[in-house]
Amino acid sequence: MLEDILLGQKSLFETGVQTVLRGQENRYRKIVIQNGNLVANERSEESGICARVYCNGAYGFASTAEYSKDAAAKTIKAATENAKYLDKFNSEKKKAYPEVISSHITSPRMIIDYEQKKLVDICKEIDAYIEKTYSDLLSRSVIYTEDTMEKIIVTSDASDGHVAYPRCRIMVEFSMNSREGKPVELFRMFFGCGHAGEHFADLNPIYEGLEDLYKNIKAKADGVYAEAGVKTVILHPDVAGMIAHEAVGHTVEADLVDGGSVAGPNFGKQVASELVSIVDYAHTAFGVDAPFPVYLDDEGVPAKDAVLVKDGILTGYMHDRESALKYGVEPCGNSRGYTFSDEPLIRMRNTTVLPGKDKLEDMIASVDDGYYLVGTGNGQADLTGEFMFGITCGYEIKNGKLGRAILDTTVSGVAFDMLKTVDMVSDSVIWWSGTCGKKQAMPVSTGGPAIKCKITIGGR
């Protein structure tokens, strides 16, 4: 019904301007259990319609929280008037967007409204297992989050579609007293694209992951401070993927390239070891569904993979239709908005370093004195590619063997310099589900193999 309402408004699109009409619903849930107590049990939804009109290089945008035929018509009219008004002050007239193959695209997944009580029961069951199995923890938390987007996209000159992006995650946090009597913390994320019944009906995989989390926090509680300086390290895929997203991915978003990112003057140049290739996957990676599959972006562009770095050479950027026109390339479907009231921005989807040929055990064995950095909790990077990330879990490597765990520390550097030091890349990829905060929140996933490189560690 909602799709019919929006498709029926095509007759209102004006000739000579390009129009995208988007109906969208976002659904959110959050359940938190701390030490056996249910402290959050939340659910909310928001929906509405937006229209975005492009006229000679000027954009007009309008949105409304009402979802009806009349609301759609008023929104189209307002956005068109806004675009024409702004065009009066547009001294640099631009030609129309590049053409894209027009089709109707429907994502294979739809959103299923899983019962809230069942979600609470899942979290309680996990919490009860933790309490019974790991009695020496200082505290524990089980956090369920769900953020889903359903979009109906109708365009004047590109693809139409009805796409849905369901995602659910369970994060478990442990804390324990260190040998110095200070609390140390670690967390583990379990996630999937789809609803909770698909991914959390069987909790045994979570329990196996919790055993690994417990071993790591026990080791960290007896850990030592890392030695500061430039060190040879092996970055676990979680850390390598985060750097690929924050310190490389953002620099190659075309709007940020135009804003002066380091990727501009480095296009076509070597920015990493020839062992390093980075791709922003659309919906399929390595022959299976990507963790957050995107089929159609919010400008009606069918999603395709965007190759960013190939064999160490910076070969591509991520684009919306306007920047693709400017750079003379084909857009790959990277323009997305988080809610109905958000204009689409150039965003990453499933960004990963490609796997190499090395075995992790061989990589560890090749390090005489260094660190295996396993987990990161947060970090930041700027348009120069300079980054700093917190390391929450890691181990010494001495004479090719893992040693003592290390306490919280930081790593820093310049991404394109650090990536040039990569001399080994593992043969498997692990994904991480996250939320990117570029002006507006956006579900993304990052991933990678383990990589061996040199990096600056902050120490104590």
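Quick caveat: nothing in here was measured; it's all calculated off a predicted structure. (Residues numbered from 1 in each chain as written. Predicted model: local features only at pLDDT ≥ 70, side-chain atom pairs only at ≥ 80, totals over all residues. Heavy atoms only, no water.)

## Brief notes about helix α6 (residues 237-249)
Reasoning step 1: The first and last C-alpha atoms of α6 sit only 15 Å apart over 13 residues, clearly below the 18 Å expected at 1.5 Å per residue.
Reasoning step 2: Residues P237, D238, V239, A240, G241, M242, I243, A244, H245, A247, V248 and G249 constitute the buried set of α6. (Helix = DSSP H or I, 4+ residues; strand = E, 2+ residues; numbered from the N terminus. Expected span 1.5 Å × (residues − 1). Buried < 20%, exposed > 50% of the residue type's maximum accessible area, 1.4 Å probe, protein only.)

## What about the pairing of strand β13 (residues 306-310)?
Successive side chains on a regular strand alternate, one facing one side of the sheet and the next facing the other.
Reasoning step 1: Pairing analysis gives three bridges linking strand β10 (residues 278-281) to β13, with the strands arranged antiparallel. Directly across from I278, in β13, lies its bridge partner V309.
Reasoning step 2: In sequence, β13 turns back onto strand β14 (residues 313-314) through a hairpin of two residues, with D311 there showing a positive phi of about 50 degrees. (Pairing = 2+ DSSP bridges.)

## Comments concerning the sheet that holds β10
Reasoning step 1: Across the sheet, six strands lie side by side as β14-β13-β10-β17-β24-β23; this open sheet has mixed pairing. Across the chains shown, the open sheet's two edge strands, defined by having one partner strand only, are β14 and β23 (430-436).
Reasoning step 2: Across two bridges, the pairing between β13 and β14 is antiparallel. Its bridge partner being in β14, V309 is matched across the sheet by L314.

## What about the packing of helix α3 (residues 116-133) against helix α5 (residues 204-221)?
The packing of two helices is summarised by the inter-axis angle and the distance between the axes.
Reasoning step 1: At a minimum axis separation of 11 Å, α3 and α5 run at an interaxial angle of 40 degrees. The orientation of α3 with respect to α5, classified from their angle, is oblique. Helix-helix and strand crossings are classified by hand; for α3 and α5 the assignment is right-handed. For the pair α3 and α5, contact is made by E125, I126, Y129 and I130 and by I206, Y207 and L210, respectively. (Axes fitted to C-alpha atoms, helices over the stretch in contact; angles between N-to-C directions. Parallel < 35°, antiparallel > 145°, perpendicular 65-115°, else oblique. Left-handed = near helix turned anticlockwise from the far one by under 90°. Contact = heavy atoms within 4.5 Å.)

## Observations regarding a nonpolar patch on the surface
Reasoning step 1: Judged by side-chain polarity, Y85, L86 and F89 come together as a nonpolar surface patch covering roughly 350 Å² of accessible area.
Reasoning step 2: For Y85, the location among the structural elements is in helix α2 (residues 69-87). (Patch = residues over 30% accessible without salt bridge, like charges linked within 9 Å, V, L, I, M, F, W, Y side chains within 5 Å. Areas by Shrake-Rupley, 256 points an atom, 1.4 Å probe, with all protein chains shown as cover. Salt bridge = Lys/Arg side-chain N within 4 Å of Asp/Glu carboxyl O.)

## A few points about the environment of S428
Reasoning step 1: With respect to the helices, strands and loops of the structure, S428 is situated in the loop between β22 (424-425) and β23.
Reasoning step 2: Distance in space between the C-alpha atoms of S428 and I457 is 25 Å, their sequence separation being 29 residues.
Reasoning step 3: Setting aside chain neighbours within four positions, we find S428 in contact with P355, G448, P449 and A450.

## Considering the state of the cysteines
Reasoning step 1: Applying the stated criterion across every chain, the model contains zero disulfides.
Reasoning step 2: You can see C168 has no disulfide; the closest cysteine sulfur is in C193, sitting 8.5 Å from it.
Reasoning step 3: On the basis of relative accessible area, C168 is assigned to the buried category, the value being 0%.
Reasoning step 4: C332 carries a free sulfur, and the closest cysteine sulfur to it, the one in C436, is 18 Å from it. (Disulfide = S-S within 2.5 Å.)

## Considerations on α5
Reasoning step 1: The terminal C-alpha atoms of α5, which comprises 18 residues, lie 26 Å apart, in line with the 26 Å expected from a rise of 1.5 Å per residue.
Reasoning step 2: Regarding α5, the residues found buried are I206, Y207, G209, L210, L213, Y214, N216, I217, K220 and A221.
Reasoning step 3: If you follow the buried residues of α5, they end up packed against α3, β7 (167-177), β8 (183-193), β19 (386-398) and β20 (401-405).

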